[in-house]
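Single-letter residue listing:
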2 protein chains.
Amino acid sequence: MGERLAFILLESPLELVPDEIRGHPQVRRSARRYGVDVGDLLLDKSLHYNAMAALPRKWKRGRPDIVHITLLNILDSPLAEEGKLEVYIHTVSNRVYRVESRTRIPKHLERFKGLMAQLLKLGRVPPEGEPLIYRVADSLGEFLSSRREGLALLWERGERASPRRVASEALEEGLLLGIGMFPRGDFQRSVLRKASRAYRLYGGRPLKAWTVAARILCAAEEIMGYWGE
Amino acid sequence: MGERLAFILLESPLELVPDEIRGHPQVRRSARRYGVDVGDLLLDKSLHYNAMAALPRKWKRGRPDIVHITLLNILDSPLAEEGKLEVYIHTVSNRVYRVESRTRIPKHLERFKGLMAQLLKLGRVPPEGEPLIYRVADSLGEFLSSRREGLALLWERGERASPRRVASEALEEGLLLGIGMFPRGDFQRSVLRKASRAYRLYGGRPLKAWTVAARILCAAEEIMGYWGE
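Given the structure is predicted, the values throughout are model-derived calculations rather than measurements.

Okay, the overall build of chain A next. The secondary structure content of chain A amounts to nine helices and eight strands. For chain A, whose C-alpha radius of gyration is 18 Å, the value lies close to the compact-globule estimate of 17 Å for 229 residues. The principal-axis extents of the C-alpha atoms in chain A amount to approximately 55 × 40 × 35 Å. Here chain A, with 229 residues, has 59% of them falling under the buried criterion. Partitioning the intrachain contacts of chain A with sequence separation of at least 6 by distance along the chain shows that 75% fall at a separation of at least 24. With an accessible surface of roughly 9500 Å², chain A has 45% of that area assigned to carbon and sulfur atoms. Within chain A, one finds 38 positive and 29 negative side-chain charges whose respective centroids are separated by 7 Å.

Here it is as structure tokens:
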């Protein structure tokens with residue numbers, strides 16, 4: 001039995017506002033509103049919907065809220081508290097960051113967005129002292145090649161498996177559990193090719209990323225004996 | 001075995017900006033920013049921190065983010081999908097609202113805040129057609145007196161019990177499970193007095209509201225047989 005559960009949030013829709021739309025009035029207005037430079041602004045579909053109209057693959061971009069809710073779920077878990085968790089963020093730009101499990105994620109989305117903009121610019125947060133979130137690889141391929149254990153996706157076309165089975169296989173084999181952070185569409189083919197296995201938890205409609213994470217955590221915590229009678 | 005799991009989000013820190021601070025520059029600035037009337041603005045500690053300095057019990061107020069994350073967790077569950085969930089919001093102002101389990105909560109906090117402001121003003125959302133969230137009682141006492149089954153709190157001074165035990169007792173006895181929505185401090189005495197039981201899931205530090213909800217949902221879904229092997 002492995003010691004830790006490892007998650008990677010795949011294709012996380014976190015990016016600074018891209019160059020080609022920095023002049024758009026909606027973008028400039030939101031930078032003014034937040035009192036930041038346009039180059040320090042995180043892309044947010046809810047604010048930049050019109051500005052994003054011409055961006056390629058726009059349905060998978062500008063959704064920091066999904067990453068936020070998922071991280072809040074993962075990092076508040078007893079498993080994180082007990083130091084039995086490894087968490088990584090892989091972004092749409094193919095960077096990989098490690099999130100220390102003692103990190104206190106801001107509960108308010110606007111503060112989280114500020115933190116993520118800083119992370120993307122500097123490669124780490126906080127800027128000084130011991131880093132809590134920091135870049136560990138410049139691509140998913142590079143990151144995976146540094147690990148012995150395989151990547152298992154939570155994927156709507158994966159094999160049906162209960163949270164308990166996923167958690168116990170992940171703990172036994174040290175699998176890295178990959179959860180897609182996009183609101184719709186599918187994993188990129190380059191991500192799918194890297195996975196050695198794929199699971200689906202529920203027979204109904206696809207679950208949100210944070211629900212998938214919470215169910216696996218719950219099962220792992222039971223396996224690890226953190227609950228009472 | 002009961003048919004449904006029932007949650008009530010207790011002392012939810014949802015309120016419109018109170019009269020006494022509507023003139024504060026921080027409040028007026030944020031109303032301008034969002035392009036809404038000050039009277040339609042939801043109190044948000046992250047934006048109104050200075051303005052809130054003089055408010056009584058300010059540590060339990062202005063935290064729509066906690067309710068948001070908890071509702072997103074509850075309503076994305078397989079249990080909600082299968083129609084086996086009842087959800088209520090009790091606010092700091094002692095109103096009780098029912099949330100239909102098919103409600104799609106906005107994923108973005110700013111949109112959720114707009115929805116909650118509308119709910120507090122009109123007593124229901126959407127304003128027209130079949131309501132999805134609507135007032136059912138003008139006080140917690142009135143609400144509880146309309147139900148046969150008891151209120152069980154998730155409370156750090158409750159009896160230690162696993163998510164599975166809490167879920168199975170709640171399903172068997174039709175208990176209403178009350179989760180506190182405040183960031184710190186304790187339940188009001190008037191709420192504590194109304195509870196017939198109290199549970200604590202985890203022996204370590206207190207879990208966040210959304211984690212408590214997710215663990216109980218996970219256990220209930222296993223009991224109901226929604227997971228595969």
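Time to look at the sheet that holds strand 1 (residues 5-12) of chain B. Residues and elements named next belong to chain B. Reading across the sheet, the eight strands line up as 4-5-3-2-1-7-6-8 and stay open at both edges, with mixed pairing between neighbours. With one partner strand each, in any of the chains shown, strand 4 (124-125) and strand 8 (197-200) form the two edges of the open sheet. Relative to strand 5 (residues 133-137), strand 4 runs antiparallel, the two being bridged by two bridges. Paired with Arg124 across the bridge in strand 5 is Tyr134.

Attention now goes to the sheet that holds strand 4 (residues 124-125) of chain A. All names here are of chain A. Read across the open sheet, the eight strands follow the order 4-5-3-2-1-7-6-8; overall the sheet is mixed. Edge strands, defined here as strands with exactly one partner in the open sheet, are strand 4 and strand 8 (197-200). Bridging between strand 3 (residues 96-99) and strand 5 (residues 133-137) involves four bridges; their strand directions are antiparallel. Among the inter-strand pairings, Tyr97 is bridged to a residue of strand 5, identified as Arg135. Packing against the sheet, helix 7 (residues 163-173) makes contact with strand 1 (5-12), strand 6 (151-160), strand 7 (176-180) and strand 8, and its axis sits at approximately 155° to strand 8. Strand contacts of helix 9 (residues 209-223): strand 1, strand 2 (85-91), strand 6 and strand 7, with the helix running at about 175° to strand 1, the strand carrying the most contacts.

Residues and elements named next belong to chain B. Here His48 shows up in helix 2 (residues 45-48). Looking at His48, the relative accessible area reads 0%, which means it is buried. In contact with His48, other than residues within four places in its own chain, are Val17, Gln26, Val27, Ser30, Leu41, Leu42 and Leu43.

If you look at the interface, chain A gives 42 residues, while chain B gives 42 residues. Interface area, chain A with chain B, both sides summed: about 4000 Å², of which 51% is carbon and sulfur. Taken together, the connections running from chain A to chain B amount to eight salt bridges. The closest approach of N and O atoms between Arg164 of chain B and Glu222 of chain A, which form a salt bridge, is 3.6 Å. Inspection of the region where chain A meets chain B yields 22 residue pairs in polar contact (both at pLDDT 80 or more). Counting only elements with at least two residues in the side of chain A that touches chain B, the list comes to helix 3 (64-75), helix 4 (78-81), helix 5 (109-122), helix 7 and helix 9 of chain A.

Before going further, it helps to examine the packing of helix 3 (residues 64-75) of chain B against helix 9 (residues 209-223) of chain B. Residue and element names in this part refer to chain B. For the pair helix 3 and helix 9, the least separation of the axes is 8 Å and the interaxial angle reads 15°. By the angle between their directions, the pair helix 3 and helix 9 is classed as roughly parallel. The chirality of how helix 3 crosses helix 9 is right-handed. Residues Ile66, Ile69, Thr70, Asn73 and Ile74 of helix 3 lie in contact with helix 9, whose contacting residues are Ala209, Trp210, Ala213, Ala214 and Leu217. Broken down by class, the residue content of the contact of helix 3 with helix 9 amounts to eight nonpolar, two polar and no charged.

Okay, the packing of aromatic side chains next. Residues and elements named next belong to chain A. Scanning all chains against the criterion turns up six aromatic pairs over all chains. Between Tyr88 and Phe143, the ring centres sit 4.7 Å apart and the planes meet at 55°, which makes this aromatic pair tilted. Of the two residues, Tyr88 sits in strand 2 while Phe143 sits in helix 6 (residues 140-145), which places them 55 residues apart along the sequence. Just as Tyr88 is buried, Phe143 falls in that class too. Ring centres 5.1 Å apart and planes at 90° place the aromatic pair Phe182 and Phe187 in the edge-to-face group. Looking at Phe187, the relative accessible area reads 6%, which means it is buried. For the cation-ring pair, Lys60 lies above Phe182, with the distance from its terminal atom to the ring centre recorded as 4.4 Å.

Before going further, it helps to examine the confidence of the model for chain A. Summing up the model confidence of chain A, the mean pLDDT is 95 and the portion of residues at 70 or higher is 99%. Two numbers describe this predicted complex: its pTM, 0.96, and its ipTM, 0.94.

Residues and elements named next belong to chain B. The terminal C-alpha atoms of helix 5 (residues 109-122) lie 20 Å apart, and with 14 residues this matches the ideal 20 Å at 1.5 Å per residue to within 8%. Taken together, the buried positions of helix 5 are occupied by Leu109, Glu110, Phe112, Lys113, Met116, Ala117, Leu119 and Leu120. Positive phi appears at Gly123, one or two residues downstream of helix 5, with a value of about 85°.

All names here are of chain B. For strand 2 (residues 85-91), a buried count of seven out of seven residues is recorded, marking the element as mostly surrounded by other parts of the structure. Side chains of strand 2 alternate between two faces, with Leu85, Val87, Ile89 and Thr91 and Glu86, Tyr88 and His90 buried alike. Here strand 1 runs beside strand 2; their pairing, made up of six bridges, is parallel. Its bridge partner being in strand 2, Ala6 is matched across the sheet by Glu86. Bridge count for strand 2 against strand 3 (residues 96-99) is four bridges, and the pairing is antiparallel. Directly across from His90, in strand 3, lies its bridge partner Val96. Once strand 2 ends, the chain turns through four residues before running back antiparallel as strand 3, passing Asn94 with a positive phi of about 75°.

Rules and cut-offs
Residues numbered from 1 in each chain as written. Chains lettered and ligands numbered in written order. Predicted model: local features only at pLDDT ≥ 70, side-chain atom pairs only at ≥ 80, totals over all residues. Heavy atoms only, no water. Helix = DSSP H or I, 4+ residues; strand = E, 2+ residues; numbered from the N terminus. Rg over C-alpha atoms; globule rule 2.2 N^0.38 Å. Buried < 20%, exposed > 50% of the residue type's maximum accessible area, 1.4 Å probe, protein only. Contact = heavy atoms within 4.5 Å. Areas by Shrake-Rupley, 256 points an atom, 1.4 Å probe, with all protein chains shown as cover. Lys, Arg positive; Asp, Glu negative; His and termini not counted. Charge placed at Lys NZ, Arg CZ, Asp CG, Glu CD. Pairing = 2+ DSSP bridges. Axes fitted to C-alpha atoms, helices over the stretch in contact; angles between N-to-C directions. Buried area = accessible area lost by both parts, 1.4 Å probe. Salt bridge = Lys/Arg side-chain N within 4 Å of Asp/Glu carboxyl O. Polar contact = N/O pair within 3.5 Å; in protein donor to acceptor, adjacent residues only side chain to side chain. Parallel < 35°, antiparallel > 145°, perpendicular 65-115°, else oblique. Left-handed = near helix turned anticlockwise from the far one by under 90°. Nonpolar A, V, L, I, M, F, W, Y, C, P; charged D, E, K, R; others polar. Phe/Tyr/Trp six-rings, centres within 6.5 Å; stacked < 30°, edge-to-face > 60°. Lys NZ or Arg CZ within 6 Å of the ring centre and 35° of its normal. pLDDT = per-residue confidence, 0-100. Expected span 1.5 Å × (residues − 1).

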